Amino acid sequence: MHGSLLCDIADDTFEAKRDWSLAQEEKQYDSSSESRQYDRPTKLEYQPIDLSQLFPPPRRQRREFQSTFSALQEWEGYVLSVSAETFSARLIDLTECKEYEEEEIDFPLADLSDSDLKELRLGAIFRWAIGYRRTRGGTKERISKVVFRRLPAWTKRELENNRRKAEEWAIRLVGE
Amino acid sequence: MRIEPELSTVSCVLLGSFNPAIFHPAWFVVNGLLNRTEIDAADIKLVHREIAAFSTEWLDLQVEPTRFISVTQEAPFIRLLDLVTGTFDEYLSHTPLKMLGINRSVHFSVDDEGTRNRIGKMLAPHEPWGEWGKMIEGGTREKRGGLRSLTMEQRDLVDREKGFILVKVGPSSIVKSEIGIFVEINDHYEVTDTDRSQGTQAIMEILKRQFDTSIKRSEWIIDQVMGLTEK
């Protein structure tokens, strides 16, 4: 599908360029005083366009994998406090399917990427995964990765739904 | 999963109606869905009215008029969920979405060719194929035949209006030396009510509710196949 799309775009571009080139040749021929010295071409010669210079090579369905990181263990946590060099957090063990926070850990700020440092604040939710990163070349390294979640603000729709549910519960409680 | 995969992938595929031209990496940065550092290093393949495709360190994104395909090979996979829900819950909530696929795939090694062949024959025995089954084995290692691809489907599912789980198993093209197995799970959900498929709400609710559960269930299914190495 992508190959035919690229061909369509290329064909459109080629025709536009060819038409433009023809117009320029006609203009140049007509305006030149020396033009009579040359035989008027009966067939204009086109400069072939190198399509590979116009478009990048056709894209594979998915890029060749460079590396893959599989988590052996994963937690979800939220930030309790932030100091000059560390932040502390409470964690739920997702791998063991725990439902409540059972662990509290200090993380070095140096472990965070620059972009994740910007997300660091009290109450921020993150995932912490440890496991192995494998490269296509066959190397394997143990790594630990903290990623802050980009959770959206409550939408108007969600706030309205929650308000409605709260009212329903309040009516039931009052009824009891 | 009892065997650590050599390649591990999660994808989230949406079927609906999209305008690929708007899915430029800069759009994601402006809306806080990806950060500037990720995009500065991005490999932008094409952004056009018919297709948009780019890759970052952890994300492959491809958008066509009827499909939105987001793929990652880097845990924590929750980043994919946050990106997709951020895009379609907050900013593009009027996009008509009809179907969702939460897909998990792995390539893993079983350490030797004999084990892989044995697993292949457990999943797809040659005997039922009669006289031709005897010919499948082949005379030499180079010309040995057998299982190329097997797909199983589960349809009786209580967690969705309509959908299915497809599991595909076959030899791995990634793991070297013919000792690898590939398993792919397609966890498919559909919205049957036409009105509810006019926006993103129904599909996004399914995605948020099911993402972690789906990944866990897929890994449990994959582990069933991995367990065949011990039988």
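Residues numbered from 1 in each chain as written. Chains lettered and ligands numbered in written order. Predicted model: local features only at pLDDT ≥ 70, side-chain atom pairs only at ≥ 80, totals over all residues. Heavy atoms only, no water.

A.B. asks: Just give me the short version of the side chain of A:Glu74, but keep the residues and values in it.
C.D. replies: When you line up the elements, A:Glu74 lands in strand E1 (residues 67-82). Take A:Glu74: its relative accessible area is 13%, and that puts it in the buried class. Ignoring anything within four residues of it in the chain, the contact list for A:Glu74 reads A:Ile92, A:Asp93, A:Leu94, A:Thr95, A:Arg127, A:Trp128, A:Ala129 and B:Pro76. (Helix = DSSP H or I, 4+ residues; strand = E, 2+ residues; numbered from the N terminus. Buried < 20%, exposed > 50% of the residue type's maximum accessible area, 1.4 Å probe, protein only. Contact = heavy atoms within 4.5 Å.)

A.B. asks: Any chance you could break down the packing of aromatic side chains for me, citing the residues and the numbers?
C.D. replies: The geometry of two aromatic rings is summed up by the distance between their centres and the angle between their planes. Within the structure shown, the criterion is met by 18 aromatic pairs over all chains. When the centroid spacing of 6.2 Å and the interplanar angle of 35° are considered together, the rings of B:Phe23 and B:Phe28 count as tilted. On the accessibility criterion, B:Phe28 (0% relative accessible area) is buried. What links up through ring pairs into an aromatic cluster is the set B:Phe18, B:Phe23, B:Trp27, B:Phe28, B:Phe54, B:Phe68, B:Phe88 and B:Tyr91. Looking at A:Lys140, its charged tip hangs above the ring of A:Tyr132, at a distance of 4.4 Å from the centre. The aromatic ring of B:Tyr189 is capped on one face by B:Arg160, whose charged end is 3.9 Å from the ring centroid. (Phe/Tyr/Trp six-rings, centres within 6.5 Å; stacked < 30°, edge-to-face > 60°. Lys NZ or Arg CZ within 6 Å of the ring centre and 35° of its normal.)

A.B. asks: How would you summarise the interface of chain A and chain B if you had to cite specific residues and measurements?
C.D. replies: Counting residues at the interface gives 37 residues for chain A and 42 residues for chain B. Note on chain A versus chain B: buried area summed over both sides is about 3500 Å², and carbon and sulfur give 48% of it. Across the contact surface, chain A and chain B share 5 salt bridges. A salt bridge links B:Glu74 to A:Arg133, with the shortest nitrogen-to-oxygen separation between them at 2.4 Å. The interface formed by chain A and chain B holds 14 residue pairs in polar contact (both at pLDDT 80 or more) in total. The set of elements that each furnish at least two residues to the side of chain A that touches chain B consists of helix H1 (2-31), E1, strand E4 (125-135), strand E5 (140-148) and helix H4 (156-175) of chain A. When grouped by side-chain class, the residues that make up the side of chain A that touches chain B number 15 nonpolar, 8 polar and 14 charged. (Buried area = accessible area lost by both parts, 1.4 Å probe. Salt bridge = Lys/Arg side-chain N within 4 Å of Asp/Glu carboxyl O. Polar contact = N/O pair within 3.5 Å; in protein donor to acceptor, adjacent residues only side chain to side chain. Nonpolar A, V, L, I, M, F, W, Y, C, P; charged D, E, K, R; others polar.)

A.B. asks: Let's hear about the packing of helix H3 (residues 78-91) of chain B against helix H6 (residues 201-226) of chain B: which residues, and what values?
C.D. replies: All names here are of chain B. Two elements in contact, H3 and H6, have axes whose closest approach is 10 Å; the angle formed by their N-to-C orientations is 170°. Relative to H6, H3 is oriented roughly antiparallel. Contacts between H3 and H6 involve Ile78, Leu81, Val84, Thr85, Phe88 and Asp89 from the former and Met204, Leu207, Lys208, Phe211 and Asp212 from the latter. By residue class, the composition of the contact of H3 with H6 is 7 nonpolar, 1 polar and 3 charged. (Axes fitted to C-alpha atoms, helices over the stretch in contact; angles between N-to-C directions. Parallel < 35°, antiparallel > 145°, perpendicular 65-115°, else oblique.)

A.B. asks: Describe the environment of A:Arg134, and please don't skip the residues or the numbers.
C.D. replies: If you trace the backbone, A:Arg134 turns up in strand E4. Taking relative accessible area as the criterion, A:Arg134 reaches 17% and is therefore assigned buried. Within the structure, A:Arg134 has its side chain in polar contact with the side chain of B:Glu4 (distance 2.9 Å).

A.B. asks: Could you give an account of the environment of B:Glu4, naming the residues involved and the relevant values?
C.D. replies: Note on placement: B:Glu4 falls in the segment before strand E1 (7-16). Here B:Glu4 falls in the buried class, since its relative accessible area comes to 17%. Distance from B:Glu4 to B:Arg49, taken between C-alpha atoms, is 40 Å for residues 45 residues apart in sequence. Polar side-chain contacts of B:Glu4 include one of 3.0 Å to the side chain of A:Lys140.

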